[in-house]
Every structure is written in C-alpha cells, then in structure tokens.
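# Structural characterization, general
Read off the chains here:
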Amino acid sequence: MLKQIGDKTYYIENDTNIGIYMTGPDRVCLIDTGSRGDGEKINEILMQQGWSLDFIINTHTHIDHIGGNKYLMEKYNVPAYCTEIDKAFAEYSDLEAAYMNGGKPAGKLRHIFKHPGKIGFKTIEEPPLHGLEWIALPGHTFGMIGVKTPDDVWFLGDAYLSESYMQKRSFGYLVDAGEYLATLEMLKTLEGKLFVPAHGVAEEDIVEILEKNEANQKMLIEAVKEACSGAGLDEIISKMYKVTKMRTNEANHALLSSTVKCYLAYLQDKGEVVSSFEDDVMVWTAIKA
Ligand SMILES: [Zn+2]
C-alpha cells in the first residue's frame, strides 16, 4: 500500500518498505526495492500513479533490499546508488554467500544469497542527489546508509529491529557488533520528522525502540559470553539458536554463525573472552572480571 508521509515523500508498505521521493513532476526515485519479485509490484504502483523512475538508492545490498533492482533498472534504464563497499557485494554475485560461509559454499547457499552482478550500480559517495542526504550506518553491513529526504523523513534500512519482530525473535544479522551498537547510539541524536525502518512501522520518535534494541544486543552479547566456557564454535552457535528462537536451516546457519563470530571478535577485542586449542579444536573461554 502506498502512503504519503511528506510533501514529496511516500513509501510502499511491504515486508521490506520501499521509500519514494518525487524528484520532479511525475518522476521519482526509490529507496530499496524489496525482495525478488517485488520489482513488478513496485512498477505497477508507479504506473498507476503515472510516475517514471529516475534512479534507485539502496540503503545496503542485501538480497531483500535489491530484489527489484534488475527488473526496474532494465525497464527504466536507470542506475542504482549504494556505498562502494556494498556495491562490491551487489556486483560479485557469490561474494555475500562466500563471506557468510567463510569460503565458497555449495550451490544451494550461493543461490539463496545470489546478487545481481554488474547491472549499473554506482557509488553514492559521488555527487549529491536531488537534495537527498545520507549518513553511514555501519554494523549491519559494512556500508549501510540511512537516507533523508528534504521532507525530513529518514529511511534507515536495517539499523534496528522493529518491536513486532523482536517479540518473536531476537536475532539480527551483523558484520560488526561494536559498530552496530555505536550506530544505535548515534541514531538517538538524529533529527527528523519521521523515521522509516526497512522492516516495521514508521515512527516519529525512535528513542524507545533504539533502547530496546540496545537491551536486546546486550542480552545476545551476554549469552555468547556465557556460552564461552571452553566451548567450540558449534556449541556456542547451538546455544544461540535457542536464545534467538531461530529456526535451524542452512541459510539461517550462515547468518547466525557469521554473526556469532562477530560477537566473539567484539568480546575478544574487549579482552572479555580468549581462544585456545584443545585437541586441535578452537575453544572459547570468558575471562572472569
Ligand atoms: Zn539487511
């Protein structure tokens, strides 16, 4: 459903919300394009409104944010902008899967995390776009950004989990736990009229939801630390499946194991856990304060 949330700012309520900003009379840009197959749905709405597409901005290049890119970029012959580092993941189709797996995975995972390739991505670090501003929101990916329209509406990608999501599960994918926490803290100071997360509802004040996300992260970090009682990685991941109430499957395993390694790195850098080897198995131990 299309909702107007500013003079020239709209969004399509969707599993991944799609931001829209009017770049001219009957011309728009999109902020994210949802999952595979969403391009056609977005195009139907653009056609109903009589809008043409100027360009796309991707807050980051996860597969549930660039799903409609190929269809729309080809149909309108337009570029998509993202940060240079996230562009690498979008353009090299197996990179995300290999990053999560820690090496090239089998075909099943490569298919799930497959990216579209070199179809016209451009780096957003270059010239400013139609008065749209952006800020770096690292932690969820290396190069995620938030985008502000001149109507003071922020589109914040996956910088925080929504209330309804957190009621069901506590897991959020991360590449850097320290930066993710710093991003949550920074977002509390962000000024704007309305904040739209990629998954969940738009809110005028996000301080409370940010604090709930911080508490959730602290709980997860503490749970990883508690699991470090001479345990190997698989044992720690097994515990975190239970803590996060995540379903076990191969794709979730790639997401969870990659994120657990980020928590271990965060704790190790803070001097709160150490690794050692027992019978050629790497094991993790929390340091008692
Ligand atoms: Zn994401």
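Our subject is the structure listed above.
The following refers to the structure shown. Only a predicted model underlies this, so the values are computations on that prediction, with no experimental measurement involved.

With that settled, consider the sheet that holds strand β5 (residues 52–57). In space, the seven strands of this open sheet follow the order β1-β2-β3-β4-β5-β6-β7, with mixed pairing throughout. Looking at which strands have only one partner, the edges of the open sheet turn out to be β1 (2–4) and β7 (121–123). Between one strand axis and the next, the sheet turns by 30° as a mean value, whatever way the strands run. Pairing between β5 and strand β6 (residues 80–82): two bridges, direction parallel. What sits directly across from Ile56, in β6, is Ala80. Sheet strands touched by helix α1 (residues 38–49): β1, β2 (9–12), β3 (18–24), β4 (27–31) and β5. Its angle to β2, the strand with the most contacts, is close to 140°. With respect to the sheet, helix α2 (residues 69–76) is in contact with β5 and β6, its orientation differing from that of β5 by roughly 135°.

Right, let's talk about the nonpolar core for a bit. Within the largest apolar cluster, 65 residues are counted, with the highest numbers of intra-cluster contacts made by Leu30, Ile56, Val224, Ile236, Val260 and Tyr263. No other element matches the six residues that helix α10 (residues 250–269) contributes to this core. Residue-level mapping places this core at the junction of two domains, with at least three residues from each of domain 1 (2–218) and domain 2 (222–286). Look past the residues within four positions of Ile236 in its chain and what remains in contact with it is Val224, Ala227, Cys228, Ala231, Val260 and Trp284. In this structure, Ala97, Leu109, Phe113 and Ala254 belong to the second largest nonpolar core, which totals five residues.

Parameters at a glance
- Note on numbering: residues in each chain are counted from 1, in written sequence order.
- The predicted origin of the model limits local features to residues at a pLDDT of at least 70 and limits the giving and counting of side-chain atom pairs to 80 or more, whereas totals for whole chains, interfaces and linings rest on all residues.
- Strands are labelled as partners when DSSP assigns at least two bridges between them.
- Secondary structure elements are taken from DSSP: a helix is a run of H or I of four residues or more, a strand is a run of E of two residues or more, and numbering for both begins at the N terminus.
- Comment: axis = line fitted to C-alpha atoms, over the contacting stretch for helices; angle = value between 0 and 180 degrees taken between N-to-C directions.
- Distance between backbone-placed C-beta atoms decides contact: two residues are in contact if it is within 7 Å.
- The term nonpolar core means buried Ala, Val, Leu, Ile, Met, Phe, Trp, Tyr and Cys residues held together as one set by C-beta atoms within 7 Å.
- In this scheme every C-beta is placed from the backbone, and a residue whose C-beta has 20 or more other C-beta atoms within 10 Å is buried, one with 12 or fewer is exposed, and one in between is partly exposed.
- Just so you know, the domain bounds were taken from an automatic or database domain assignment.

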